[in-house]
Every structure is written in C-alpha cells, then in structure tokens.
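Observations on chain architecture
Here's the letter readout for the chains.
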Amino acid sequence: MNPRAAVADFRRYPIISALTAVHPLVDRVLVKWADGRTSPFHHPWLRDNCPCAECVYSVTREQVLEIVDVPENLVPAITRVDTEGCLRIDWQDGHVSHFDPGWLRAHAYDDDSRAERRVGQPKRQLWDSQLQLPVFEYQAVMDDPQALLQWLLALRDTGLTQVRGMPTEPGALTSIAKRISFIRESNFGVLFNVQSRADADSNAYTAFNLPLHSDLPTRELQPGLQFLHCLVNDADGGESIFVDGFAIAVALRQEDPEAFQALCEIPVEFRNKDRHSDYRCLAPIIALDAMGQVSEIRMANFLRGPFDASAEQMPSLYRAYRRLIAMTREARFRLVQRLDPGQMWCFDNRRTLHARNAFDPTSGARHFQGCYVDRDELLSRILVLQR
Ligand code: OGA
Ligand code: ZN
Ligand code: ZN
C-alpha cells in the first residue's frame, strides 16, 4: 500500500485494478482503470477527500479540512497518474493531493462500483423453525480471535446463537460480553437476574410465560445484543422460544400488506415504570431503513400502553396487531429449546424476538443472568477483527 494512503484510514485497501489514465472534464475527472472501468470523481469530492497531512490529522486520521474553506469553483491545474500509480492532482490554488488506487477504487461511485458494494454488504439470513442453530464453544470464543469472529458474524447475519461450555458461576457472563465490548447498563443493572421474585419489577421476574418480545422497547434505542446465561434450570417448564422478527415481518408484508403498513406507520407506546423510574417510548412496531428494508422490531405486549390512534386507524391497528401476534405463534416460525446450565443465548434483540414458557417454581430453581451490548459495538468489533 502507498504509505500516503495510510493517513486516511486504519483499514487496508488492496489494489483491485491499476489506474491507467485520467481525463479532465469541466466539473470532474474521469479515471480509467486497467480492468476497463471508468469512474467519475467530481472536483469537490476529490478536494474534500484529500488524505494529505494538512487535510487529515495523521494521529486520529480524522479530517481537519472543511470543504467550505476552499473556493467552490476550485479546479485542478494538472491531473495525472504519478510514478507510484497514484492519482495526483495539483490544484489551481497550489494544494497537491495524492490518491492511492486501492482507496480510490474502494470509494469510487460509478454505478458498477456502487452496485458491487451493495452486493458485498453482509447478507442477513432469514430463518424459521428449521434453523440450524449456530452453536459456539465458550473457551474457543474466549481464546481464539477467529472463533470470536465467527460467532460475531453469526450474530450479525443470523441474529441468534448459542454458546456452550460456560462456567455456571454468577457473573461469568461479564467476561464473554466484554470480548465484544462495553456492557450497556440499564435500570435492571449491569447484569440482570432473571428469577421468580415476590417483589418483581417486571413480568420477566415471575414464573409466568413471557410472550415473544424484544427487551427495553421502552427506550429510544433498544439494546442491540441480549445475552441470557443459564446458571440453574431445575424447574419444570421455562423453555426458551425464538422467532426471527425480520422473517415474520417479511412474510407479513407478503401475506397482509395492509397490516404490515399499519405496523410500520402507527406509533405504539411502550412503558416500563416502577417507584424510581418511568421509561416510555412511542414508535411503530416495525421500522424500515433508508432502503425500505425491515430494520427493527419493537414489541412486548406486557410493556405496551393503550393504543392512541385516530378513530379511523384504531380498527386497522388492532387487526394488524392481532395478525402479527398470531404469526409469532405459528409453528413455522418458532424455535423452541430448553437452556441447560452452562449454556447461553446471545441474540440480536432488535430483530430476534424471545419468549419463555411458564415454569413451576415449586418444582425446582431457575436462575438466568442477562446483559446487553449495543449493535454498534458488535459491528465495530467485527471490522477490527477483520482488519
Ligand atoms: C427477560 C426474558 C427469558 C427467560 O428476562 O426479559 O425474556 O427465559 N427472560 O426467562
Ligand atoms: Zn490535502
Ligand atoms: Zn426478555
């Protein structure tokens, strides 16, 4: 890699194709690549992305230049491919920029390059009751960065994993969560104890069945990853149930587009309150990203406030809500499995809904510990492991 390119980023950009020529036009340059591709780069884009030590602080690799600080009509005086194979631009105001061909190709925005980047995006795998559950060994994940990466990729792309071979001491969860990054604390603690208690501040801390839900839908940002570590599971019942919320939303979109639309558009309030706190969040149950793809499910019937929708919307909201819950109860989507001591679920809380069957607390003890880590931490750890 050209050493100058290192200023711009901590990642490496392999040379996919060499630069062969550069043609200046009025408002952009056209770069020709050895594999026949042509990429346009507009003058402001090139000036904005100059990686030189004046424009980017080499310690943080963050930009110090702001594009408004150069004239809007700044154009190159000379453009050429230099002896090291970089694109060199001598600007009319005397500034000089060099662009590494690997970096430039990775950021080229001709139609083919952009389409390639979309194809290269991680592919999420939708699943149903037939999922081959991705299972990982605790010791391998703790010791081996490759095993850690495989686990994290499964979390990102499948959204449900199990880890086996964990110690059964309280707190054992902390070390594996920290393999990813910071734990996200909440009013239930850094770690929360899932046990049936007389003074329960959530239905989770009873022996009731918990219907399919995401945790903390009461927060503007629901936790990205949820860990549930089994210490003791001697009680009858209490099986874990999971569904892929994205798979259900995609099926709903196909099978009942009106219900899907109502759940995307009508906000619903989720509440979690006790003597010391009062969390509320008003948001639609299904969120879409900028591309129109389902990106999040927010759902916990036991935390839901009364619907507050217009008189016209209320019947469609109830119809859509019933339909969604009916789908979460369909066998085709549900993975049911009991967790044994030393095993842990780890899943994408904004995608994979989880539930448990009721258990009989008189038949034996049941103690799980849980915690949360945000999705940003997962994605950052993956990128760093892949460097
Ligand atoms: C929870 C929860 C599942 C279980 O605490 O939010 O979903 O198996 N617990 O007890
Ligand atoms: Zn510069
Ligand atoms: Zn839960």
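For the structure given in this document, a descriptive report is provided here. Since we're looking at a predicted model, the values are computed, not measured.

About the cut-offs
- Residues numbered from 1 in each chain as written.
- Chains lettered and ligands numbered in written order.
- Predicted model: local features only at pLDDT ≥ 70, side-chain atom pairs only at ≥ 80, totals over all residues.
- Heavy atoms only, no water.
- Helix = DSSP H or I, 4+ residues; strand = E, 2+ residues; numbered from the N terminus.
- Buried < 20%, exposed > 50% of the residue type's maximum accessible area, 1.4 Å probe, protein only.
- Contact = heavy atoms within 4.5 Å.
- Areas by Shrake-Rupley, 256 points an atom, 1.4 Å probe, with all protein chains shown as cover.
- Lys, Arg positive; Asp, Glu negative; His and termini not counted.
- Charge placed at Lys NZ, Arg CZ, Asp CG, Glu CD.
- Pairing = 2+ DSSP bridges.
- Axes fitted to C-alpha atoms, helices over the stretch in contact; angles between N-to-C directions.
- Donors = N, O, S within 2.8 Å, 3.2 Å for Na, K, Ca; no water.
- Core = buried A, V, L, I, M, F, W, Y, C linked by side-chain atoms within 4.5 Å.
- Parallel < 35°, antiparallel > 145°, perpendicular 65-115°, else oblique.
- Left-handed = near helix turned anticlockwise from the far one by under 90°.
- Nonpolar A, V, L, I, M, F, W, Y, C, P; charged D, E, K, R; others polar.
- Tetrahedral: all angles 85-135°; square planar, octahedral: opposite > 155°, others 65-115°.
- Arc of directions from axis to C-beta.

On to the overall build of the protein chain, then. A tally of regular secondary structure across the protein chain gives ten helices and 24 strands. For the protein chain, the C-alpha atoms occupy an extent of roughly 80 × 55 × 40 Å along the three principal directions. Here the protein chain holds 387 residues, and the buried ones make up 47% of them. Relative to all contacts within the protein chain whose residues are 6 or more apart in sequence, the contacts with residues 24 or more apart total 73%. For the protein chain, the exposed area adds up to about 19000 Å²; of that, 50% sits on carbon and sulfur atoms. In the protein chain, which carries 44 positive and 51 negative side-chain charges, the distance between the mean positions of the two groups comes to 2 Å.

Once that is clear, we can look at the sheet that holds strand S13 (residues 225-233). Pairing is mixed across the open sheet formed by six strands, whose spatial order is S9-S10-S21-S13-S24-S11. If you trace the sheet from one side to the other, it starts and ends with strand S9 (135-137) and strand S11 (192-194), each paired once. The average angle at which neighbouring strand axes cross in this sheet is 25 degrees, direction not considered. For strand S10 (residues 160-164) and strand S21 (residues 344-348), the ladder comprises four bridges, and the chain directions are antiparallel. Bridge pairing in S21 links Leu160 to Phe347.

Around the zinc ion (ligand 3), the donor atoms from the protein are His213 (NE2), Asp215 (OD) and His354 (NE2), and they sit 2.0 to 2.2 Å away. In the primary sequence, the donor residues of the zinc ion (ligand 3) line up as H-x1-D-x138-H. Exposure class is identical for His213 and Asp215. Each is buried.

What follows covers the nonpolar core. One finds Leu252, Leu263, Ile285, Ile286, Ile297 and Met299 to be the most contacted residues of the largest nonpolar core, which totals 34 residues. Elements that contribute at least two residues to this core include exactly strand S15 (240-244), helix H7 (245-255), helix H8 (257-265), strand S16 (268-273), strand S19 (294-297), helix H9 (313-328) and strand S22 (352-356). The element best represented in this core is H9, accounting for six residues. Excluding anything up to four places from it in sequence, Ile286 contacts Ala249, Leu252, Phe260, Leu263, Cys264, Val294, Glu296 and Ile297.

Before going further, it helps to spend a moment on the sheet that holds strand S6 (residues 76-81). Strand pairing in a sheet is mediated by backbone hydrogen bonds. Such pairs are either parallel or antiparallel. Sheet architecture is open: three strands sit in the order S6-S7-S8, paired in antiparallel fashion. Looking at the sheet topology across the chains shown, the edges are occupied by S6 and strand S8 (96-99). If you compare each strand with its neighbour and ignore which way they point, the axes differ by 15 degrees on average. Pairing of S6 with strand S7 (residues 87-91), which is carried by five bridges, proceeds in the antiparallel orientation. Counterpart to Ile78 in the pairing with S7 is Asp90.

Before going further, it helps to spend a moment on the packing of H7 against H9. Look at H7 against H9: their axes get within 11 Å of each other, and the N-to-C directions meet at 125 degrees. Considering the angle they form, H7 stands oblique to H9. As H7 runs across H9, the sense of the crossing is right-handed. The residues of H9 that touch H7, namely those facing Ile248, Ala251, Leu252 and Glu255, are Arg323, Leu324, Met327 and Thr328. Broken down by class, the residue content of the contact of H7 with H9 amounts to five nonpolar, one polar and two charged.

Here we come to the coordination of the zinc ion (ligand 2). Surrounding the zinc ion (ligand 2) are the protein donor atoms Cys50 (SG), Cys52 (SG), Cys55 (SG) and His95 (NE2), at 2.1 to 2.3 Å. One can describe the donor arrangement at the zinc ion (ligand 2) as tetrahedral, given that its four donor atoms subtend angles of 104 to 118 degrees at the metal. Along the chain, the residues that donate to the zinc ion (ligand 2) are spaced as C-x1-C-x2-C-x39-H. Highlighted residues: Cys55 in the loop between helix H1 (43-48) and strand S4 (56-57) and His95 in the loop between S7 and S8, separated in sequence by 40 residues. Of the two residues, Cys55 and His95, neither departs from the other in class, the shared state being buried.

The backbone of Arg61 sits at a positive phi, close to 60 degrees, despite the residue not being glycine. Phi at Leu216 is positive, roughly 55 degrees, even though this residue is not glycine. Tracing the backbone shows Leu216 in the loop between strand S12 (210-213) and S13.

Within helix H6 (residues 172-180) the residues assigned to the buried category are Ala172, Leu173, Ile176, Ala177 and Ile180. Looking straight down H6, one finds that the buried residues subtend no more than 120 degrees of arc, so they occupy a single side.

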